[in-house]
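# A closer look at the structure
Here is how the chains run, residue by residue.
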Amino acid sequence: MFREELEPLRPYVPPKSWRMAAESDDDGLAKLTSNELAFGPLPEAETALTEALTRANRYPDSHVSRLREAVADANPGSETSNVLVGNGSSEVIFNVLQLLPPGDVVYGWPSFSMYPTICAVLGMNAREVPLTENEKFDLEAMLRTVTHETRAVILCNPNNPSGTYHPLDRIREFAGALPENVVLIVDEAYVEFVDDPAYGDSHALALESPNVVMARTFSKAHGLAGLRVGYGIASEEIADYAERVRFPVSVNLAAQVAATASMLAKEKVEERAKFVIRERGRLEEAFGKANLEYIPSQGNFIMVRFAAADFEKSGVLVREGEALGYPGWSRVTVGNSSENDRVIEAL
Ligand SMILES: *Cc1c(COP(=O)(O)O)cnc(C)c1O
């Protein structure tokens, strides 16, 4: 009765901290597994949420207009007609892939676990290209993997879980080398944490290309993972098509008002991201001093060769590297100052 390609799929297994948080009230644990922000939503977002609650009996704006306006304003050169929205950027990516005929999707690996799942659900063939020796996307090998069966390429930039990235001129060159009928999805879930100026103003590439989508989220730097909202920047044509397949109210009222308020207070989000960047540097330095191998990161997390079980002894929960393609390693989310102190003490 069921589609064959769904056979290998299993329900999402959440990191240990989600289960432990659900099962216990023990606040003594540092939960650094899921690349969440250590701080709650901005006060602006909280106020907007409180005000919106009394309207929860009504359906929200199905077009998500105010959020689209805030996103367009935050990305100079873009109009609301260039903005995609979704229930997390996972839905944005899902919607874009839904627009394409059956075929192949090329992406680097290890990367975000949702890519193989989305491909299987949509009946598309995943073509996974191993990272280079220095844990970066192998852009040449990815181009060689593109055939007339390829419908899309996904570049996670910076990549989760390696934290590595390619600057905009390399991505632009890569986009230019792709056939015009192949969609390039650049997943920028961690873009706010990049401090290399060479990374560039990436949304410009989406605006100048008919086949490039930048996918971003409110789950990381904006601290709204629990509300589920993401967005994309793309050509008007892609944005128009994406809106044809999206469920009309996939972005709920709370998500809409909180994300809009948070985007309007962008400078405060940037301040918080700067804190994460400084703390990331402090953790990397500590890993170096402890003679631990780690991958220099541009995300709010660091891959380090130190077992999750050893962190756990000190009450620090991190993502087990085994689950991410790095046995013996851990992915440590940058937390608040005291959580990061505990990471360093655990070494
Ligand atoms: C966290 C993350 C996302 C965001 O997912 P949401 O659905 O927006 O919560 C997207 N891509 C990558 C690589 C991520 O790590």
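Residue positions are counted from 1 within each chain, in the order its sequence is given. The predicted origin of the model limits local features to residues at a pLDDT of at least 70 and limits the giving and counting of side-chain atom pairs to 80 or more, whereas totals for whole chains, interfaces and linings rest on all residues. Computation of side-chain values: all heavy atoms of the structure, hydrogens and water removed.

### Concerning the domain arrangement of the protein
Where each domain begins and ends follows an automated or database-derived domain assignment. As assigned here, the protein comprises domain 1 (4-41 + 267-346) and domain 2 (57-264). Relative to domain 2, the C-alpha centre of domain 1 lies at a distance of 23 Å. Residue contacts follow a heavy-atom distance rule, with two residues in contact if any of their heavy atoms lie within 4.5 Å. Facing 28 residues of domain 1, the contacting portion of domain 2 comprises 29 residues. Considering only the side of domain 1, the residues that lose the most area to domain 2 are Val-269, Gln-298 and Tyr-326, jointly responsible for 29% of the buried surface there. Whenever Lys or Arg places a side-chain nitrogen within 4 Å of a carboxyl oxygen from Asp or Glu, that contact is recorded as a salt bridge. For the pair domain 1 and domain 2, the interface holds one salt bridge. Under this definition, polar contacts are N or O atom pairs within 3.5 Å; protein pairs additionally need one hydrogen-donor-capable and one acceptor-capable atom, and for neighbouring residues in sequence, both atoms have to be side-chain atoms. Taken together, the links from domain 1 to domain 2 amount to eight residue pairs in polar contact (both at pLDDT 80 or more). Put simply, the parts of the chain that give the side of domain 1 that touches domain 2 at least two residues each are helix 11 (266-289) and strand 10 (301-304). Per the convention used, a helix needs a DSSP run of H or I reaching at least four residues, while a strand needs a run of E reaching at least two, with both numbered from the N terminus. No other element matches helix 11, which puts six residues into the side of domain 1 that touches domain 2. The class makeup of the residues in the side of domain 1 that touches domain 2 is 16 nonpolar, eight polar and four charged. What counts as buried area is the accessible surface, traced by a 1.4 Å probe, that two parts surrender upon association, with contributions from both included. Polar here means any residue outside two lists: the nonpolar Ala, Val, Leu, Ile, Met, Phe, Trp, Tyr, Cys and Pro, and the charged Asp, Glu, Lys and Arg; Gly therefore counts as polar.

### Examining the pairing of strand 7 (residues 212-217)
Burial of strand 7 is extensive: six of the six residues sit out of reach of the surface. Here four bridges tie strand 6 (residues 183-187) to strand 7, and the two strands are oriented parallel to one another. By the bridge assignment, Leu-184 is partnered in strand 7 with Val-212. A right-handed crossover is one whose linking path, passing over the helix from the first strand to the second, runs clockwise when the strands point away from the viewer. For the crossover from strand 6 across helix 8 (residues 203-208) to strand 7, the handedness is right-handed. Here four bridges tie strand 7 to strand 8 (residues 230-233), and the two strands are oriented antiparallel to one another. Bridge assignment links Thr-217 to a residue of strand 8, and that residue is Gly-230. Only protein chains enter the accessibility calculation, which uses a 1.4 Å probe; a residue whose area is less than 20% of its type maximum is buried, one above 50% is exposed, and one in between is partly exposed. Two strands pair under a simple rule: DSSP has to find at least two bridges between them.

### Section: the site of the ligand
Here a residue counts as near a molecule or strand whenever at least one of its heavy atoms sits within 4 Å of it. In the region of the ligand, 13 residues are neighbours, and Ser-90, Tyr-190, Thr-217, Ser-219 and Lys-220 sit closest. At 2.6 Å from an oxygen atom of the ligand is found a side-chain nitrogen or oxygen belonging to Tyr-190. Contact between the ligand and Lys-220: an oxygen atom at 3.2 Å from a side-chain N or O atom of the residue. Its free accessible area being 390 Å², the ligand has 93% of it covered by the protein chains. In the shell around the ligand, the residues fall into four nonpolar, six polar and three charged. Residue burial considers only the protein chains on display, and all accessible areas are found by Shrake-Rupley using a 1.4 Å probe.

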